[in-house]
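# Remarks on the overall topology
Here's the letter readout for the chains.
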Amino acid sequence: MAVALKVTDGEEGEWAVLQVSGEMDLVTSPVLRQRVHDAVAEGRRSLVLDLSEVFFCDSSGVGVLIATRRLVRSCQGRLRLILPAQSVTDASHVNRVLAALGVRRLFDVYPDISSAVDEEASPLSA
């Protein structure tokens, strides 16, 4: 049974929020890449990727996250990721993959949407 990637658009103040669920792999990652490009093309410069419902991420998914960071930074924008540290559904998979590849420190990570869009909140430590 193939599991698709689902991306839902939302807004929290000036932040565009893309809620991502499912698997981020070679087949599904282009969906997220396109949604990020669409948001930036619409003029969104503050972007939150909620990855709390992503239960699998391979190198293609990591590549999309790194490309998103590069794109947002090139527009003088801001990118924040939501990656819960622990979860019953093992949503911390993405956090572990980023840490294992040594790229977790490249991202500002928050535990939930409310802290990600709060200008006073500090990101979680890598």
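This write-up is about the structure you can find in this document. Here the structure is a predicted model, which is why all the values come from computation and not from measurement. (Residues numbered from 1 in each chain as written. Predicted model: local features only at pLDDT ≥ 70, side-chain atom pairs only at ≥ 80, totals over all residues. Heavy atoms only, no water.)

Turning our attention to the pattern of salt bridges. Taken as a whole, this structure holds four salt bridges when the rule is applied. Put simply, Glu11 and Arg44 hold a salt bridge, and the shortest N to O gap is 3.1 Å. In this pair, Glu11 sits in strand β1 (residues 6–12) while Arg44 sits in the loop between α1 (29–41) and β3 (46–57), placing the two residues 33 residues apart along the sequence. Note that Glu14 is salt-bridged to Arg78, the shortest N-O span being 2.5 Å. In this pair, Glu14 sits in the loop between β1 and β2 (15–24) while Arg78 sits in strand β4 (residues 78–82), placing the two residues 64 residues apart along the sequence. (Salt bridge = Lys/Arg side-chain N within 4 Å of Asp/Glu carboxyl O. Helix = DSSP H or I, 4+ residues; strand = E, 2+ residues; numbered from the N terminus.)

The next thing to look at is the sheet that holds β4. Across the sheet, five strands lie side by side as β1-β2-β3-β4-β5; this open sheet has mixed pairing. The open sheet has two edge strands, β1 and β5 (108–110), and neither has a second partner. Averaged over all pairs of adjacent strands, the angle between strand axes in this sheet comes to 25 degrees, irrespective of strand direction. (Pairing = 2+ DSSP bridges. Axes fitted to C-alpha atoms, helices over the stretch in contact; angles between N-to-C directions.)

Another aspect to go through is helix α2 (residues 59–74). Because an α-helix packs 3.6 residues into every turn, residues spaced three or four apart end up facing the same way. Taking 1.5 Å per residue as the helical rise, α2 with its 16 residues ought to reach 22 Å, and the 22 Å between its terminal C-alpha atoms agrees with that figure. Residues Ser60, Gly61, Val62, Val64, Leu65, Thr68, Leu71 and Val72 constitute the buried set of α2. Structurally, α2 contributes buried residues whose contacts are with β2, α1, β3, β4 and α3 (93–100). The residue sitting at the N-terminus of α2 and contributing the capping side-chain oxygen is Asp58; that oxygen lies 2.9 Å from the backbone nitrogen of Ser60. (Expected span 1.5 Å × (residues − 1). Buried < 20%, exposed > 50% of the residue type's maximum accessible area, 1.4 Å probe, protein only. Contact = heavy atoms within 4.5 Å. Polar contact = N/O pair within 3.5 Å; in protein donor to acceptor, adjacent residues only side chain to side chain.)

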